Amino acid sequence: MRGLLAELRRRNVIRMAGLYLVGAWLVVQVAETVLPAFDVPGWVLRAIIIVLALGFLPALVFAWIFELTPEGLKRDGEIDPARSIAPRTAKRMDQLTLAGVLVLLAVIAADRYWPRGAAPLETRTSKREPAAVVANREAGLLAVLPFRNRSVREEDAFFAEGIHDDLLTQLSKVASLRVISRTSMLRYAGSEKSVPEIAREVGAAVVLEGAVQRSGDQVRINMQLIDAGTDEHLWAETYDRELSADTLFAIQADIARAVTQALQVVLTPAEAAALESGSTRNVQAYEAYLQGKLFSQSDGISSERLKLAFAQFDKAIALDPQFTDAYARKARAQMAGYWFALGDPALMREAAAKTLADARRLAPDSTETWLAEAYYAYWVQLDYASAETFLRRVLQRSPELAEAWLARAFVARRDGRFEDSLAALRRALEIDPTHLEGLDSLAETLTQIGRFEEGAAASDRARQLGADSRGNRMWREFARGDVEAAWAAVDGPDPQWPNLPARVAFLTRDSQRIALALSPTLWPEAWRQPAGYAEAYEMAEAEALLHAGQREQALVALRAAQTRLEALDTPYPGGWTANALYFPCDLPGLLGDLGAVHAAERDYLDNAPRDVWASWDIRLALAIALNRAGDAERALTHLEAIVAVFGPSGYLRMSIQPALESLHAEPRWVALRQGYERWAAEHRS
């Protein structure tokens, strides 16, 4: 062993190992610093590290086999030991290694002891007042591009995405800033378009772009603010800090101040204080909170994503039991599970109430708590006055918060104030012209009340931006009475409405389409018994049997479903809520049980909370159930009520229902048709 070590030292193999490691470390440090400045993709740094790691062993083998002589490289065995210059080479290698170590120590010392405070804003901001910013500072929008992930680990991508989302929340606290929503900007992730191109598409005056690089307990954030008109950099900063919640909040506050100064916006004392504050000091809790927010975003929401969101919020709360925003966001996610039928409705409702109580106890006057209160009043209680009160408070504090205007629009729509709803939707879209959910909802609302031309324009805009969701597209085609267009929109299973393809197929009256809608292709087996709606698939199968003329088989299946439901403590936990997969009248209607349908009708009229927007679907379901059970007059009463609220165009959606065909000769039905025809003659465009 001693002989081997002596030979390794003689051949400078050990010195080569030390020199290689020091040199490789310096190369990585330089690459980490320089590459982000040139927008080099993160995989390049990873490739450099991998190549250096793979080169370590060959370098040692090379040092063992060869020696550098005045005549060039020669194999060690070919050199006379008396003529070897290995000792001189060893001395040079020692000097290089020492120099590298000194540089290494200097970098470590600078990183640890160099002042971390950011330079004064005026030294980083362009002295010239940009013409585009001056012209647009009052009406201009701020676009924040999705941050690039510069971390070596791909799993850190969520961290960059979460920081982007939270910065948008921080910027929305400034009343004079109008910030384009996260969902609008996500479509530009990885885009090759230039900043001026993106700015023109979204109507922004300035664009903020950045990159986040995380390494252990350190974080580097590169930011730059660009004049959308001239493509000139107004401000830029690189933050190299120790990773902590305080650090991240301070960086976000500094970025917000830079943006407001560039746009000549004056911060109020309250806004300045809000930018400096953070609701946790635990960085792991903050990371979990960011991930929970991303999983619970309304775009792409599903039961699987909600479960992931709950796990992250629970982790954040466990790490910091005083983390108010985590409670408020978790409550909203639980309410979404209730509202969108993504879990057992009763359990979701109870859990949301408990979590909201915790947020209320910790910070009753925070914006996040107020938003959670508003959604609880709206989604759970259908108490529109209370929801409006909380949203008014939020908008007094953050008048340019598009999310609050959208919520206000949805509350007004449920309350039957359609013009107020449209006004709030348009206000949200003034703040954020490319907000995907806002455009989709505007198209849906206009179409439902018969303003088809305006709805088509909004729908076209949503489709151009990739926001025209499959479900809403089908609903709009229902409203226009176009069954074939609705079926054309069925291009796969719907995670939010698993029974929706089947509902469209029944309208087509096509046996092959019905069979396809009930197959795993369009209704996966994992989605056939959603929490709270265990008989959704069985009821659809029975309806298919009725369509095929197999009434006896259908009745056997329906009675079995009825027996299972009656054994439950709460057979219809969703009750008459807008997003229920089936209503209490549907099963007795399919069975032809008129007494049970009348009982369900009385329950709706006497006990259901006010929800004008949902009354379209509920009254249509009641009309179908009543007609199937033999009460045509009561069925027509509900159809007339729909037209009274939503207008004569409602006849179109009624006319495509197979279960209402037997009413077409009834005088009251004829009156509905004639009312529509008069309306259509006045609205031929």
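Residues numbered from 1 in each chain as written. Predicted model: local features only at pLDDT ≥ 70, side-chain atom pairs only at ≥ 80, totals over all residues. Heavy atoms only, no water.

Details of the overall build of the protein chain
We count it as follows: Comment: elements are numbered from the N terminus, with helices defined as DSSP H or I runs of at least four residues and strands as E runs of at least two. To be clear on the numbers: accessible area is Shrake-Rupley with a 1.4 Å probe, and residue cover counts the displayed protein chains and nothing else.
Each helix and strand counted, the protein chain has 33 helices and 7 strands in total. For the protein chain, the exposed surface amounts to about 30,700 Å²; the carbon and sulfur share of it is 56%.

What about the packing of helix α15 (residues 345-362) against helix α16 (residues 367-380)?
Any two packed helices are characterised by the angle at which their axes cross and by the distance between the axes. For clarity, the cut-off: Whenever a helix is involved, its axis is fitted only over the stretch in contact; in every case the axis is a line through C-alpha atoms, and angles between N-to-C directions fall within 0 to 180 degrees. Working rule for angles: under 35 degrees goes down as roughly parallel, over 145 as roughly antiparallel, 65 to 115 as roughly perpendicular, anything else as oblique. Two helices crossing with the near one rotated counterclockwise from the far one by less than a right angle form a left-handed crossing, whereas a clockwise rotation gives a right-handed crossing. A contact between two residues is defined here by any heavy atoms of the two lying within 4.5 Å. Following the grouping adopted for this structure description, the nonpolar residues are Ala, Val, Leu, Ile, Met, Phe, Trp, Tyr, Cys and Pro, the charged ones are Asp, Glu, Lys and Arg, and the polar ones are all others, Gly among them.
Two elements in contact, α15 and α16, have axes separated by 10 Å at closest approach and are oriented at 155 degrees. In terms of orientation, α15 and α16 fall into the roughly antiparallel class. Viewed along their axes, α15 and α16 form a crossing whose handedness is left-handed. In this structure, α15 contributes R349, A352, A353, L356, A359 and R360 to the contact, and α16 contributes T369, A372, E373, Y376 and V380. When grouped by side-chain class, the residues that make up the contact of α15 with α16 number 7 nonpolar, 1 polar and 3 charged.

Observations regarding the pattern of salt bridges
If the charged atoms of two oppositely charged side chains come close together, the side chains can form a pair. Threshold: By convention in these notes, a salt bridge is any Lys or Arg side-chain nitrogen within 4 Å of a carboxyl oxygen on Asp or Glu. The classification of residues rests on relative accessible area computed with a 1.4 Å probe and restricted to protein chains. Under 20% of the type maximum is buried, over 50% is exposed, and intermediate values are partly exposed.
Summed over the entire model, instances satisfying the criterion amount to 38 salt bridges. The shortest N-O distance in the salt bridge between R414 and D611 comes to 3.2 Å. Within this pair, whereas R414 is found in helix α18 (residues 402-414), its partner D611 is found in the loop between α29 (594-607) and α30 (612-629), the two being separated by 197 residues in sequence. The burial state of R414 is the same as that of D611; both residues are buried. In this structure, R634 and E601 form a salt bridge, with 2.6 Å as the shortest nitrogen-oxygen distance. A residue pair is termed long-range when its members are at least 10 positions apart, and R634 in helix α31 (residues 632-646) and E601 in helix α29 qualify at 33 residues. The class for R634 is partly exposed, based on a relative accessible area of 29%. Residue classification places E601 among the buried positions, given a relative accessible area of 5%. Each of R178, E400, R427 and E430 takes part in one network of salt bridges that share partners.

Describing helix α13 (residues 303-319)
Short version of the rule: A helix's residues, less one, multiplied by 1.5 Å, set its expected span.
Along its 17 residues, α13 runs 25 Å from first to last C-alpha, staying within 8% of the 24 Å computed at 1.5 Å per residue. Among all positions in α13, only L306, A309, F310, Q312, F313, A316 and I317 are buried. Where α13 is buried, its residues meet α12 (283-295), α14 (324-339) and α15.

Some details on α31
For α31, built from 15 residues, the straight-helix expectation of 21 Å at 1.5 Å per residue is met to within 8% by its first-to-last C-alpha distance of 21 Å. Structurally, α31 contributes buried residues whose contacts are with α19 (418-431), α20 (436-448), α29, α30, α32 (651-655) and α33 (667-682). Downstream of α31 by one or two residues, G647 has phi in the positive range, about 100 degrees.

Points about the nonpolar core
Threshold: Note on terminology: a nonpolar core comprises buried Ala, Val, Leu, Ile, Met, Phe, Trp, Tyr and Cys residues joined through side-chain atoms within 4.5 Å.
Counting residues in hydrophobic clusters, the biggest one holds 182 residues, and the most contacted among them are L208, M335 and L639. Looking at this core, the element that brings in the most residues is α30, giving 13 residues. Residues within four places of L208 in sequence aside, it is in contact with L142, A143, V144, L145, L167, M223, Q224, L225, W235, I255 and V259. Within the second largest apolar cluster, 14 residues are counted, among which are M185, Y188, V202 and I226.

Side note on the environment of I251
Summarising the element assignment, I251 is placed in helix α10 (residues 245-262). Placed 84 residues apart in sequence, I251 and L167 show a C-alpha to C-alpha distance of 9.5 Å. Discounting chain neighbours no more than four positions away, the residues touching I251 are I221, Y239 and R241.

Digging into unusual backbone geometry
Positive phi, close to 50 degrees, is recorded for L382, a residue that is not glycine. Within the fold, L382 resides in the loop between α16 and α17 (384-397). In this structure, R509 takes a positive phi of about 65 degrees despite not being glycine. Tracing the chain through its elements places R509 in the loop between α24 (500-508) and α25 (511-517).

Quick word on the pairing of strand β3 (residues 141-144)
Our working definition: The criterion for strand pairing is that DSSP finds at least two bridges linking the strands in question.
Burial along β3 is two-sided: L141 and A143 facing one way and L142 and V144 facing the other are all buried. In this structure, β3 lies alongside strand β5 (residues 204-215), joined through 4 bridges in parallel fashion. Along β5, the bridge assignment pairs A143 with V207.

Notes on the side chain of D325
Operational definition: Between N or O atoms, a polar contact is any pair within 3.5 Å; within protein, one atom must be a potential hydrogen donor and the other a potential acceptor, and residues adjacent in sequence are included only when both atoms are from side chains.
Its place among the elements puts D325 in helix α14. D325 gets classed as buried once you look at its relative accessible area, which sits at 17%. Side-chain polar atoms of D325 contact the side chain of S279, separated by 3.2 Å. With residues up to four places along the chain from it excluded, the contact list for D325 reads S279, Y289 and E368.

So, the packing of aromatic side chains
Spelled out, the test is: Two rings belonging to Phe, Tyr or Trp (six-membered ring only in the last case) form a pair when the distance between their centres is within 6.5 Å. Interplanar angles under 30 degrees mark stacking, angles over 60 mark edge-to-face geometry, and anything in between is tilted. Ring-over charges, as used throughout, are those where CZ of Arg or NZ of Lys falls within 6 Å of the ring centre and within 35 degrees of the ring normal.
Taken as a whole and assessed by the stated rule, the structure comprises 24 aromatic pairs. Ring centres 6.2 Å apart and planes at 50 degrees place the aromatic pair W616 and F646 in the tilted group. In this pair, W616 sits in helix α30 while F646 sits in helix α31, placing the two residues 30 residues apart along the sequence. For F646, a relative accessible area of 3% corresponds to the buried category. Aromatic rings pair up to connect W339, F340, Y375, Y378 and W379 into one cluster. We note R214 situated over the ring of F159; from NZ or CZ to the ring centre the distance is 5.0 Å.

Description of the confidence of the model for the protein chain
Note the threshold: Per residue, pLDDT captures the predictor's confidence, and it can take any value from 0 to 100.
Averaged over every residue, the pLDDT of the protein chain is 84; the share at 70 or more is 86%. Of all the helices and strands in the protein chain, helix α5 (residues 121-124) carries the lowest mean pLDDT, 36, while α31 carries the highest, 98. The model gives residues 115-139 a pLDDT under 50, and that stretch makes 47 contacts with residues more than four places away or in other chains.

With respect to the packing of α13 against α14
With their axes 10 Å apart at the nearest point, α13 and α14 run at an angle of 160 degrees to one another. In terms of orientation, α13 lies roughly antiparallel with respect to α14. Between α13 and α14 lies a crossing whose hand is left-handed. Contacts from L306, F310, F313, D314, A316 and I317 in α13 reach A326, Y327, R329, K330, A333, Q334, A336 and G337 in α14. Among the residues forming the contact of α13 with α14, the class breakdown is 9 nonpolar, 2 polar and 3 charged.

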